[in-house]
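Observations on the three-dimensional arrangement
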Amino acid sequence: EVQLVESGGGLAQPGGSLRLSCAASGFTFDDYAMSWVRQAPGKGLEWVSSITWNGGSTNYAESMKGRFTISRDNAKNTLYLEMNSLRSEDTAVYYCAKVSSATAYATYDYWGQGTQVTVSS
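The following refers to the structure shown.

It is worth spelling out unusual backbone geometry at this point. You will see that N77, though not glycine, has its phi angle at about 50°, which is positive. Relative to the helices and strands, N77 resides in the loop between β7 (68-73) and β8 (78-83). A relative accessible area of 27% places N77 in the partly exposed class. Located in the positive-phi region is S85, a residue other than glycine, with phi close to 50°.

Note: strand β4 (residues 34-39) against strand β5 (residues 45-51), six bridges, orientation antiparallel. Paired with M34 across the strands is I51, a residue of β5. In textbook terms, the turn of a hairpin is the stretch between consecutive antiparallel strands, and for β4 and β5 this stretch comprises five residues, one of which, G42, has a positive phi near 75°. When β5 meets strand β6 (residues 58-60), the two strands line up antiparallel, connected through three bridges. When the sheet's bridge partners are listed, S49 is paired in β6 with Y60. Connecting β5 to the antiparallel partner β6 that follows it, the hairpin turn spans six residues, and G55 within it adopts a positive phi of roughly 75°.

Turning next to the environment of G112. Here G112 is to be found in the loop between β10 (108-111) and β11 (115-119). Measuring from C-alpha to C-alpha, the distance between G112 and G26 comes to 13 Å, with 86 residues separating the pair along the chain. If sequence neighbours within four positions are ignored, G112 has contacts with L4, E6, Y95 and C96.

So, about the pairing of β8. Burial within β8 is extensive, with five of its six residues counted as buried. Pairing of strand β3 (residues 18-25) with β8, which is carried by six bridges, proceeds in the antiparallel orientation. Note on β8: the bridge partner recorded for L18 is M83. Note that β7 and β8 share six bridges and pair antiparallel. Along β8, the bridge assignment pairs T69 with E82. Between β7 and the antiparallel strand that follows it, β8, lie four residues; N77 among them carries a positive phi value of about 50°.

Attention now moves to the packing of aromatic side chains. The way to describe two aromatic rings as a pair is by their centre distance and the angle between their planes. Under the counting rule described, the total for this entry stands at four aromatic pairs. Seen in terms of ring centroids, F27 and F29 are 6.2 Å apart; in terms of plane orientation they differ by 55°. Their pairing is tilted. Summarising the burial analysis for this pair, F27 and F29 share the class buried. Judged by centre distance (5.4 Å) and plane angle (85°), the ring pair of Y108 and W111 falls under edge-to-face. Of the residues examined, Y108 reaches a relative accessible area of 28% and is grouped as partly exposed. Here the aromatic cluster, defined as three or more aromatic residues joined through ring pairs, consists of F27, F29 and Y32. Here R72 stacks its cationic end above the ring of F29, 4.3 Å away from the centre of that ring.

What counts and how
Residues numbered from 1 in each chain as written. Predicted model: local features only at pLDDT ≥ 70, side-chain atom pairs only at ≥ 80, totals over all residues. Heavy atoms only, no water. Helix = DSSP H or I, 4+ residues; strand = E, 2+ residues; numbered from the N terminus. Buried < 20%, exposed > 50% of the residue type's maximum accessible area, 1.4 Å probe, protein only. Pairing = 2+ DSSP bridges. Contact = heavy atoms within 4.5 Å. Phe/Tyr/Trp six-rings, centres within 6.5 Å; stacked < 30°, edge-to-face > 60°. Lys NZ or Arg CZ within 6 Å of the ring centre and 35° of its normal.

Taken by themselves, the reported measurements are silent on function.
This is the structure:
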């Protein structure tokens, strides 16, 4: 059974930082690309970032470039999202998602339950 379990969310001040983790199990983690997707209150899903199976290529939504860093540790079956210079508009539930192939240009077939990130003073 595929499981994706996010952690690391919480309350951060504007300009602050948080590091999200996603522990994966039930599949061969280093065979697949992974992504982070978020959903702000009252809004639809927004793609945040993706990383290929070996971490060799990463992509970010424009508003996250230079502030967020996606990474993975295949030995630990864990995906990360380092978020710096947080803004109030980053407030959202953050989901990790398994991509259905090794590259980042494919559909998502599994999602975690999400972790809440709130940016507020």
